[in-house]
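Results of the structural survey
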Amino acid sequence: MLLCLPPILLLVALMPQGRGFVIEVSDPTDTQPDLVQLAQSLNLTTCVEHLKAAGIDKTVNHEGPFTIFCPINDAFDRQADYPGSAGMKEKMLQHIGKGKVTSNMFENELTLKSLLPGRKIRVNVYTAGPFSTETVNGQAVLESDHLARNGVIHILYSVMDSVYPRPGTVVGELYQCCTGTTQLLSFVHLSGLYEVMDQTEPITLLAPSDAAWAKLGSAFLNHLDKNIPLLRQVLLSHVLQGTWYTVGLSRGDTIKTLAGSKVSVTKDKNGTVSYSGAVTSLADVAAGNGAIHIIEEVLLPKQIFKRP
């Protein structure tokens with residue numbers, strides 16, 4: 001009789017019994033550590049402390065499979081300030097993905113569900129010449145594929161700090177993250193573009209602050225109020241195709257907008273990004289369908305100044 005075994009790695013031992021031998025077969029995953037034990041062995045002690053403080057260490061240890069994106073220890077000492085963001089328990093839940101996703105499965109705009117209800121974890125792969133950078137919700141991946149019995153750990157350089165109490169898209173999240181964008185939201189509703197920005201994926205919204213709109217003067221803002229086609233063109237010039245986080249951007253990049261125009265990228269010595277000269281004041285806000293950057297100038301497409 002021909003015995004067919006599934007294509008898995010088996011550990012085989014010949015055990016003496018009487019005058020013959022008995023073959024014992026064991027699964028190598030039985031010898032692998034649980035996820036929390038693995039994180040401890042990788043010296044991701046602060047990540048483990050926060051998992052325990054959030055009361056989710058037992059879940060990730062005994063259930064699964066899970067994919068944990070664990071930041072290095074000093075990442076917790078340099079957390080970014082996102083006004084109105086959720087607490088550490090919610091942030092740690094956002095670092096845990098359902099299912100086992102190894103790096104050979106990474107591709108640009110891959111998403112997986114996190115343990116935080118209604119949230120996704122987004123993987124981006126940015127290439128610049130022969131080099132590539134992998135990010136998870138905008139945070140750089142340092143190491144991949146540390147395997148545990150019930151999942152896998154990938155190590156991040158920074159904490160996913162942009163987590164808000166309620167899930168939202170690039171326009172829905174503005175109400176939570178960015179109180180100084182009321183003029184933008186008013187224009188988005190007036191133009192009829194709210195559903196477009198809410199349902200299109202993936203996109204990146206360059207969101208001018210109220211101060212940026214004020215620089216244009218009340219006369220021009222009133223003109224936009226009355227000229228909806230022009231308003232739509234201006235707004236769509238602030239929506240980039242794809243999800244673009246700071247880590248994945250290089251000086252000299254050009255990115256196409258939904259209006260058909262292009263935005264040029266520059267970075268200063270501190271890593272602050274400008275989009276066609278508009279400086280970011282708050283970067284890398286993660287949203288359900290992409291990312292948000294608050295900018296301090298309104299981008300006016302050149303074609304609106306051309307005479308008919």
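Placed above this text is the structure.
This section reports on the structure supplied with the text.

How each quantity is defined
- Residues numbered from 1 in each chain as written.
- Predicted model: local features only at pLDDT ≥ 70, side-chain atom pairs only at ≥ 80, totals over all residues.
- Heavy atoms only, no water.
- Pairing = 2+ DSSP bridges.
- Helix = DSSP H or I, 4+ residues; strand = E, 2+ residues; numbered from the N terminus.
- Axes fitted to C-alpha atoms, helices over the stretch in contact; angles between N-to-C directions.
- Disulfide = S-S within 2.5 Å.
- Buried < 20%, exposed > 50% of the residue type's maximum accessible area, 1.4 Å probe, protein only.
- 1 Å grid on protein atoms, 1.4 Å probe; cavity = no way out; pocket = protein on both sides within 12 Å on 5 of 7 lines; lining within 4 Å.
- Points joined across faces, edges and corners; volume = space filled by probe spheres on them.
- Nonpolar A, V, L, I, M, F, W, Y, C, P; charged D, E, K, R; others polar.

Right, let's talk about the pairing of strand β7 (residues 131-136) for a bit. As paired strands, strand β6 (residues 120-128) and β7 are joined by six bridges and run antiparallel to one another. Each residue of the ladder has a partner; that of Y126, found in β7, is T133. The loop that links β6 with its antiparallel partner β7 comprises two residues; one of these, G129, has a positive phi angle of about 65°. Alignment of β7 against strand β8 (residues 139-148), held across two bridges, turns out to be antiparallel. Each bridged residue has a counterpart across the sheet, and for V136 the counterpart in β8 is Q139.

Here we have seven strands laid out as an open sheet, ordered β11-β10-β16-β15-β14-β13-β12, and mixed in their pairing. Each edge of the open sheet carries a strand with a single partner, namely β11 (239-241) and β12 (254-256). With strand direction ignored, the average angle separating the axes of adjacent strands in the sheet is 35°.

Attention shifts here to the state of the cysteines. In the structure shown here, the tally under the stated rule is two disulfides. With its sulfur 2.0 Å from that of its partner, C47 forms a disulfide with C70. Between C47 and C70, the disulfide has an S-S torsion of -90° and is therefore left-handed. Pair noted here: C47 is in helix α2 (residues 45-53) and C70 is in strand β3 (residues 66-71), with a separation of 23 residues, a long-range link. Side by side, C47 and C70 carry an identical accessibility label, which is buried. Put simply, C177 and C178 are joined by a disulfide, and their sulfur atoms are 2.1 Å apart. As the torsion about the S-S bond is roughly -95°, the C177-C178 disulfide counts as left-handed.

Another point: the layout of surface pockets. The rolling of a water-molecule-sized probe over the atoms marks out the regions of remaining empty space. Of the volumes computed, that of the largest pocket is approximately 490 Å³. Looking at the largest pocket, it is lined by 27 residues, and the ones nearest its centre are A80, Y82, Q139, A283 and D284. Every element with two or more residues in the lining of the largest pocket is listed here: β8 and β15 (278-287). Per element, the largest residue contribution to the lining of the largest pocket is six residues, and it comes from β15. Here the lining of the largest pocket is composed, by residue class, of 12 nonpolar, 12 polar and three charged. In this model, the second largest pocket occupies a volume close to 270 Å³. Along the walls of the second largest pocket sit 18 residues, with R119, K120, G168, A287 and G288 positioned nearest its centre. Of all the secondary-structure elements, those providing two or more residues to the lining of the second largest pocket are β6 and β15.

On their own, these measurements won't tell you what the molecule is for.
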